[in-house]
Structure formats: C-alpha cells, structure tokens
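Notes for the structure review
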Amino acid sequence: MNCAECKELLVAYVEGLLDESQEKTVSEHVKDCKGCQLEVEQSTNLRNRLVKNGKALSESHLEDKVLNRIIREQNVRLKAGAKVGLGLRLRRIIMEGRITRLAAAAVLVVAVLIGIHSLTGGTVTFAQVIEPILKARTVVYDFIIGEESNPVIMHEIVVGTRIRRTISNLPGMTQILDMENGKMLVLDAEGKTASYVDIKGQLQEMTKSYIGFVRKVLMELKDSPNVKELGEREIDGQKAIGFSGRGRNEEVSIWADPKTAVPIRVELRLGQLVVVLKNFKFDEPINDSQISMDVPEGYTLEEKVIDFTKGTEEDFIESLRVWAEVLLDGKFPEAIGTENYMKQIPLIGEKLAQSGLSKDEAAKLGMTLPRGMFFLQLLEIDEKYHYAGKGVKLGDADKAIFWYQPKGSENYRVIYGDLSVKEVSEENLPK
Amino acid sequence: MSETDKYYIERCLDGHPDDFRYLVRRYQAVLLAHLAGKFGNKDSAEEAAQESLVRAYFNMNKLKRPGAFFSWLLGISDRVAKEQQRKQQVRRQREAIRSYSEETPSPELSQDYALEAAIAELPDAYRRVVLLRYYGGYSCSQVAEQFEMPLGTVTKNLSRAYLMLRKLLEQQKQEEIYEVQK
C-alpha cells in the first residue's frame, strides 16, 4: 500500500468502516510511514473533536425552551383564532333575522321623534297651509331622511297618538307606534311575527303625542314674525307656494298648493340632518285595525327583548365596531349618520335573513347599531360632530375617526380607529 | 432514522406537540453547530436554533417528504440566521452610533467555536454529512440512507470534509498566532 492509497482510506479507517483485511493493511502501512502516521493522528484528533463537540451540543436543553415557545405561540394563535371565531359568530348573530331586523327598523322611530322635537325652539310661522294638519283626523305622508335621489322612504299614517309606518327598504315590516304609552309594535309579514319595543325614557319625554306635537308647533308658527315667503315653485309638476323660517339650529320650509293651501312638502334641516315630508293626504279613512297595538291574528309574539330607552357614547362606539367588523369587513364606513344608517338597513336585513342564533344574542347585537345611531342622532341635532373614518381600518390606533363636543364640556371627545377614546382640548383636535 | 422522524412528524401533525420534543432532541446539536459557525456566539446561535425549531413546528404541514426533515430544517435555519444577522447588523450600527467608545462585553463563544466556524465554511454537500454524522448522531450508513447515496460517497465526502476542516482549522490557528504576535 502506498501513501496515496492510504490517504484515500484514512477517514473510513478512523471511522471504523473498513473490513478486517483493509484495516490490517492500513495499520501496517501507518506503522512504517511517519507521514501517514501524522495524518491518522490528525484525523483522529479532528474526529474526536467533532464527536466531543457534537456530544456537548446534544446536551443543550433546547427541548423545554422550544416546547414552551411552541405552547406560548399556540396560545397566541388560538386567541387570534378565537377572535376570528368571534367575528364569524357576530356575523352569524347579525344574520339572525327578525328581532335584529326589528331593532334595525326601530331606530327610525328615533329619527322621527327627534326631528319633530327640535321644532319646539323653531320660530317659523306659516298661515293657512297649516289648517289641514291642525284639523285633520288622519294625516298620511312620506318621510325621507337625507338625499332624495336614492331615498329610503318611510310611509306614515298618523291617527291621533298612533302612527303606522312602513319602510321602503324593509318590505314586509310594519311599525305601529303608540306615542302615548311609549310602545311600538313591530310586525314582520314574512315570518308572521310580532314584537313590542319600549320607547320610553328619554324618547318618550321628548314627545308624548306625535300629531299633537306637530300641531303645537304649527300653532306656534302661526303668528311668528320670522316667516319668509319663498315665492312660487313647481314641485313634482305641481305649483306650490313656500314659506320658510329659521330657528336656532333648524331651518324649516313648507310648500303648499297656492289655491287650496294644502301642504305638499315640508323640508326640515336640523343640524346635520335633513328631512323631507311629502305626498300628504289628509282625512283619509283609516281602519282602526291598521293602528291597533294588538298582535294581529296569525302572528306569533316574540319575547319582548328590545330596549330602546337610551343611547350612550359607549353604545355608539359599539355600533361603530359592529358596523366596521360585521357589515364592512373591518373597515369603517365612508360616512355615518342617520341617512347612511338607513341605507345600511337592507344589508343588515340581508345578512340576518340566513342564520340561526340564539334570539337573545341576536337581539343584543341588533340593538347595538340603533342605540349607537340614537346617540349619533342627538349629536346631529344638538352638537356638531366630525367623522373621519373613511378608509380607516378597525384597530388603527393612530387615526382619529370621530370627535364631538359633549354638551356643557369645554373639551372634545375623540374616538380612534382602535375605538379608544381621549378627551382633547379644541386646539389639539385632529386636523 | 428518518423512519422515526416520520413517525414524530405525524404525531405532531395529529396534534401532539409534546412529541416534537424528540425531534428537538435529535436535531438540536445539528442546528447549533450549523448556526454557531454563522454567528460565532452561543446565545445568538441558540436563539436562532429555537426560532428555527418553532417555525418548523408550525409549518410542519408544508413539509412534503417527512424523510427530508433534516434538510428542510437546515433550510429554515438558514433563513432565520439571515434574518437575525440582518437585525444584529442594524443593532450594531445603532449601537456604534450611540456609544462610540463604550465597551460592550464580548458575547460568550460556543465551546468549540473554531470548529463550528470551520464547518460553516464547508460546501453544502460536505457540511450536511458532517452535521448529520457528528451532531445528529447518525452512523455513516444512516447518513447514506438519508441522502440516498452509496456509503462510498459518504466516506468520500467525509474525507474531503476532513481535509478542508483540517486546513481551515490550521489557518485559524495561524491567524491567532499572528494576532497574538501583533
């Protein structure tokens, strides 16, 4: 065996991989060859060093550390998963159906009440055109909030302190309001179900009798010196004469037939809220059953679960969360306010139509949006607010999405994308 | 060996994270040796090894061939090492700006850093054989099986690896002597 041949087998030799005869040959060569002896020595040293280091590293205790990290990480993932799960659950809740649909519709009560209420401070006056409203036993009209180009129309029949209302983008839903007793009966023709809603408290305080209230306002307007004549204009192909008056925070225009003085159209601008009443009919014969607070035959009464007596900032924040999380996949709406809310109703209804969750949960969630919107409506009329949530994602703590100045406060309340709230002085408001 | 890898991998996928323990035990030294050479400091290597193992665990479902766990794991650790080295670089730059003269304690070197650094310089094919043989506790024929090559190729690769390692270690020694003399 020569040195080259020996070197070739060196590693196999120190690794003990050679068969007996090969090993013997190498051993014999190495015995007589100083150079190869050194080679073997060095290779053996290296091998020992590798084995030693390998052994040392094998005794590291990564096991526990790694497993602990895996468990921690897994918990984090589970929680994130649970969050996703919660999102899905919320989605299912809002899809629940009737009760939530009822609740969604319920907010519209508020819109109407507040609108009328704000007129108390109004100083507008207006003469003959109010006669029919004052004297009519029944008044029927369409009620529109916001833009008329793509409107959600509420059709209302008012008899004394009772109102029967249907809403154009909630087919099959009827609300009957008993303003005297602070109660609403909501009927769903589709599922043949009925539900009572409380509208007591703050809401009922505002106006005890709906038409009585309208009449009171009109009486006040009668002799006010602040009424302006708007002249004549054509409305829906009909000649009309207009009057307008301005209060502290509201502006009212009323258009009527110049010959008969029958009102054709009433426009209310209440802070940031615009309301139009039109297609009036007076003294239409109305069947009592249409405004009865009893559950009609063939309908099942749902448990009374909807409480609509207050709306707080907290409710509003919760409604923003639901609006973003459930309706818009984690983004805040482009715009908020009663008008935009009303346009969302079909979307809510749509989602509700398919699921099956517990009624309690559904009702709770269903109340969230309307309650929050109630809070917002109060702001729309009394105080100014600013909304900047367009394009902001839910959870974005750096972006202010909403601020307003609460009554009697010097500071503003600012709500951020993660739905945290801070009190901020005027000069520090977001730009 | 890879047969049992497969068994533990399946156990993990079936939701028994505790069985990952065996894979950690089997491959920790491989990872540490592989990474220590890259980092030159024990803590970083350990951190990277942990991170690699954790990532491997959570991505186990992406491992197509359970027999390839070892190579796959090394691939993960290479990416982890790159990420961490980038982070360390940024941190060092920041520290350099912050405290020019302040002396930072030198990090603890791993036990045979010279050897690990030399391994890190080996070509991939040789390094994998060395790692698996001496740090993974595989015998030469098991290594052959793992890489689906004849035993002769393993010993040939190992021979070349030995030569290179000896050379690299010798170079290092020379450099150290030179440093001392300077």
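Before reading on, note that the structure itself is shown above.
Anyway, here's the lowdown on the structure attached to this text. Keep in mind that this is a model prediction, so the values were computed, not measured. (Residues numbered from 1 in each chain as written. Chains lettered and ligands numbered in written order. Predicted model: local features only at pLDDT ≥ 70, side-chain atom pairs only at ≥ 80, totals over all residues. Heavy atoms only, no water.)

Turning next to the overall build of chain B. Helix and strand content of chain B: eight helices and zero strands. The secondary structure elements of chain B, listed N-terminal to C-terminal, are α-α-α-α-α-α-α-α. In chain B, which comprises 182 residues, the share counted as buried stands at 49%. The contacts in chain B between residues at least 6 apart in sequence include a share of 67% that link residues at least 24 apart. If you sum the accessible surface of chain B, you get close to 10,000 Å²; carbon and sulfur atoms cover 48% of it. (Helix = DSSP H or I, 4+ residues; strand = E, 2+ residues; numbered from the N terminus. Buried < 20%, exposed > 50% of the residue type's maximum accessible area, 1.4 Å probe, protein only. Contact = heavy atoms within 4.5 Å. Areas by Shrake-Rupley, 256 points an atom, 1.4 Å probe, with all protein chains shown as cover.)

Per the secondary structure count, chain A includes 11 helices and 17 strands. For chain A, with 431 residues in total, the buried portion stands at 52%. For chain A, contacts bridging at least 24 residues in sequence account for 59% of all contacts bridging at least 6. Here chain A displays about 21,000 Å² of accessible surface, and carbon together with sulfur accounts for 48% of that area.

Contacts between chain B and chain A engage 37 residues on the former and 35 residues on the latter. Taken together, both faces of the contact between chain B and chain A bury some 3,300 Å²; the carbon and sulfur share is 61%. On inspection of chain B and its partner chain A, the count reaches eight salt bridges. In this structure, the salt-bridge partner of A:Arg69 is B:Glu51, at a minimum N-O distance of 2.4 Å. Taken together, chain B and chain A are joined by 16 residue pairs in polar contact (both at pLDDT 80 or more). At the level of elements, α2 (20-39), α3 (42-58), α5 (113-121), α6 (124-135) and α8 (151-181) of chain B are the ones that each hand at least two residues to the side of chain B that touches chain A. The dominant element in the side of chain B that touches chain A, judged by the number of residues it contributes, is α3(B), at nine residues. Residue composition of the side of chain B that touches chain A, grouped by class: 22 nonpolar, five polar and 10 charged. (Buried area = accessible area lost by both parts, 1.4 Å probe. Salt bridge = Lys/Arg side-chain N within 4 Å of Asp/Glu carboxyl O. Polar contact = N/O pair within 3.5 Å; in protein donor to acceptor, adjacent residues only side chain to side chain. Nonpolar A, V, L, I, M, F, W, Y, C, P; charged D, E, K, R; others polar.)

All names here are of chain B. At a minimum axis separation of 9 Å, α5 and α6 run at an interaxial angle of 140 degrees. Looking at the two axes, α5 sits oblique to α6. Every pair of crossing elements has a handedness; the one defined by α5 and α6 is left-handed. Listed contacts from α6 to Leu 115, Ile 119 and Ala 120 of α5 are Arg 127, Val 130, Leu 131 and Tyr 135. (Axes fitted to C-alpha atoms, helices over the stretch in contact; angles between N-to-C directions. Parallel < 35°, antiparallel > 145°, perpendicular 65-115°, else oblique. Left-handed = near helix turned anticlockwise from the far one by under 90°.)

Moving on: the nonpolar core. With 74 residues, the main nonpolar core has A:Leu50, B:Phe20, B:Tyr27, B:Phe69 and B:Tyr135 as its most contacted residues. Counting residues per element, this core draws most heavily on α2(B), at 12 residues. Core analysis: the second largest hydrophobic core is formed by 26 residues, A:Tyr141, A:Leu177, A:Ile199 and A:Val275 among them. (Core = buried A, V, L, I, M, F, W, Y, C linked by side-chain atoms within 4.5 Å.)

Residue and element names in this part refer to chain A. Among the eight residues that make up strand β1 (residues 138-145), eight are buried, leaving the element largely enclosed by the rest of the structure. Across the two faces of β1 the burial is the same, with Thr 138, Val 140, Asp 142 and Ile 144 and Val 139, Tyr 141, Phe 143 and Ile 145 all buried. In this structure, β1 lies alongside strand β2 (residues 153-159), joined through seven bridges in antiparallel fashion. Opposite Val 140, over in β2, you have Ile 157 as the bridge partner. (Pairing = 2+ DSSP bridges.)

Applying the stated criterion to the full structure yields 23 salt bridges over all chains. With its nearest N and O atoms 2.5 Å apart, the salt bridge here joins A:Glu267 to A:Arg265. Via salt bridges that share partners, A:Glu63, A:Asp64, B:Asp18, B:Arg21 and B:Arg25 belong to a single interconnected network.

What follows deals with unusual backbone geometry. Apart from glycine, the bulk of residues carry a negative phi angle, and the bulk of peptide bonds sit in the trans form. The phi dihedral of A:Asn279 falls on the positive side, at around 55 degrees, and the residue is not glycine. Relative to the helices and strands, A:Asn279 is located in strand β11 (residues 273-282). By relative accessible area, A:Asn279 is classed as partly exposed at 39%. At B:Glu148, a residue that is not glycine, the phi angle is positive and equals roughly 50 degrees. Following the sequence through the fold, B:Glu148 ends up in the loop between α7 (140-147) and α8.

With that out of the way, let us pick up the environment of A:Cys33. With respect to the secondary-structure elements, A:Cys33 resides in the loop between α2 (20-32) and α3 (34-58). In this structure, the C-alpha to C-alpha distance between A:Cys33 and A:Cys3, residues 30 residues apart in sequence, is 8.1 Å.

So, on to the state of the cysteines. Residues and elements named next belong to chain A. Under the definition given, this model contains zero disulfides over all chains. Free of any disulfide, Cys 3 has its nearest neighbouring cysteine sulfur in Cys 33, separated by 3.5 Å. Assessed through its relative accessible area of 35%, Cys 3 is described here as partly exposed. (Disulfide = S-S within 2.5 Å.)

Before going further, it helps to spend a moment on the sheet that holds strand β15 (residues 396-404) of chain A. All names here are of chain A. Strand order across the open sheet formed by four strands is β14-β15-β16-β17, with antiparallel pairing between neighbours. The sheet is open, and its two borders are formed by β14 (385-387) and β17 (421-424), each paired with just one other strand. Averaged over all pairs of adjacent strands, the angle between strand axes in this sheet comes to 35 degrees, irrespective of strand direction.

Interpretation note: all reported values are geometric properties and have no functional meaning in isolation.
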